[in-house]
Amino acid sequence: MKDSLIHYSVGALLYCPANHKTIAASIIQERFGAKYSLALCLEDTIQDNCVKDAEQKLIAALRTIQEAGKIRKENSEPDFFLPKIFIRVRHPEQIQALYERAGAAQELITGFIAPKFAQDNADSYIDAIRELNRTASRTVYMMPIFENPSIVHLLNRGRILYALKEKLDTVEPYILNIRVGGNDLCHMFGFRRHADESIHSIRPVADIFSDIITVFGMDYVVSGPVWEYYGGAGWDTGLSAELRQDRLCGFIGKTVIHPKQIELVNSAYQVSRTDLEDAKAILGWSRTSDTLVAGNSAKERMNECKTHENWAKRILLLSEYYGVGN
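Draft legend 1. Layout of the overall build of the chain. A count of helical and extended segments in the chain gives 11 helices and 12 strands. Against the globule reference of 20 Å for 326 residues, the chain gives a C-alpha radius of gyration of 21 Å, in line with a compact fold. Seen through its C-alpha atoms, the chain measures out along the principal axes to roughly 65 × 55 × 50 Å. In the chain, buried positions account for 49% of the 326 residues. Considering only intrachain contacts with a sequence separation of at least 6, the fraction spanning at least 24 residues in the chain is 76%.

Draft legend 2. Structural detail: the sheet that holds strand 2 (residues 37-41). In space, the 8 strands of this open sheet follow the order 7-6-5-4-3-2-1-8, with parallel pairing throughout. Both edges of this open sheet fall to strand 7 (222-223) and strand 8 (254-256), since each of them pairs with a single strand only. Sheet analysis places strand 6 (residues 178-180) next to strand 7, joined by 2 bridges and oriented parallel. When the bridges of strand 7 are listed, R179 appears paired with S223. Together, strand 3 (84-88) and strand 4 (109-114) form the strand contacts of helix 3 (residues 93-102), whose direction differs from that of strand 4 by roughly 155 degrees. Running at roughly 175 degrees to strand 5 (residues 141-146), helix 5 (residues 154-169) makes contact with strand 5 and strand 6 of the sheet.

Draft legend 3. How the structure looks around helix 10 (residues 273-283). Of the residues making up helix 10, those classed as buried are D275, L276, D278, A279 and I282. Seen from one end, helix 10 has its buried residues packed into an arc of 165 degrees, which puts them on one side. Those residues of helix 10 that are buried lie in contact with strand 9 (271-272), strand 11 (302-304), helix 11 (309-322) and strand 12 (324-325).

Draft legend 4. Looking closely at unusual backbone geometry. The backbone of E30 sits at a positive phi, close to 55 degrees, despite the residue not being glycine. With respect to the helices and strands, the residue E30 is situated in the loop between helix 1 (23-28) and strand 2. E30 sits in the partly exposed class, given a relative accessible area of 37%. The backbone of S76 shows a phi angle near 55 degrees, a positive value even though the residue is not glycine. Within the fold, S76 resides in the loop between helix 2 (51-74) and strand 3.

Draft legend 5. Representation of the packing of helix 6 (residues 182-189) against helix 7 (residues 203-216) within the structure. Put simply, helix 6 and helix 7 touch, their axes get as near as 10 Å, and they point 135 degrees apart. Viewed along their axes, helix 6 and helix 7 adopt a mutual orientation that is oblique. For the pair helix 6 and helix 7, the sense of crossing is right-handed. Each of G182, L185, C186 and F189 in helix 6 lies in contact with helix 7, whose residues at this interface are P204, V205, I208 and F209.

Draft legend 6. Region of interest: the environment of T274. Of note, T274 is situated in helix 10. Setting aside anything within four residues of it in sequence, one finds T274 in contact with N296, E300 and R301.

Basis of the calculations
Residues numbered from 1 in each chain as written. Predicted model: local features only at pLDDT ≥ 70, side-chain atom pairs only at ≥ 80, totals over all residues. Heavy atoms only, no water. Helix = DSSP H or I, 4+ residues; strand = E, 2+ residues; numbered from the N terminus. Rg over C-alpha atoms; globule rule 2.2 N^0.38 Å. Buried < 20%, exposed > 50% of the residue type's maximum accessible area, 1.4 Å probe, protein only. Contact = heavy atoms within 4.5 Å. Pairing = 2+ DSSP bridges. Axes fitted to C-alpha atoms, helices over the stretch in contact; angles between N-to-C directions. Arc of directions from axis to C-beta. Parallel < 35°, antiparallel > 145°, perpendicular 65-115°, else oblique. Left-handed = near helix turned anticlockwise from the far one by under 90°.

The following block contains the structure:
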């Protein structure tokens, strides 16, 4: 399992069209809070004939943010929260081109998101991120999204997922998260969940998620699918319920489409005091002890040193980034 905090700290990934007029001001003025990541999207949220203009607006926004941070530093003013910023591209060639165009604002780009990641584009995306990191002054990450129709078909799914993992393993240090496209997968079946329904109850889609976690979850952090509701009756309780299922099924973090969702995602990944105490006890277990199993301090459940070690490591990482809740 991943044992570095950065892989767990993408958290609530807020999607925004790359041509959004106020995105730079929103970041500088901290309108979205101080614990989220940002995806500037050039793909599905942008009309085909508007991509070049969106690219220009994206580069301009990055430069505005970078300059604002520079001015604050020169004036000894408090820094504003700078989220991890990712660019969701349309094709692999945009990765190098956009990074070069960013100039000094390259320092703001945490990585790139590869949509509809599949066998027919995997090599090109992998080559692009490998080549970029050959010359970049720091690590630039990639997050592939599994949402391509090819993984729907049962006869081929396992073979395709393991083939893609073999490819990604060649650039494993550059893969920050594996992401899943819940709405794209639902679209293929004509499904759409309501605010009181969870995507984990849509079995054809949930089975795809389960296979992705099975193939990637032991070696990568896999992030949860988007929740499209941000208003109306029950949107928040529905999101909280799905987040509990996300976490139980092995997902860490979630794609969000509205700032109102960020706090709920961050709250869902806080750890309980009991879990934190048990995790510390498991990781602090004396290796010379005669027994490697015991009831926890609250006398509520069993802790087993060997069996629960990976769980305990993950709990400590989650507590470090998301904190401790009730």
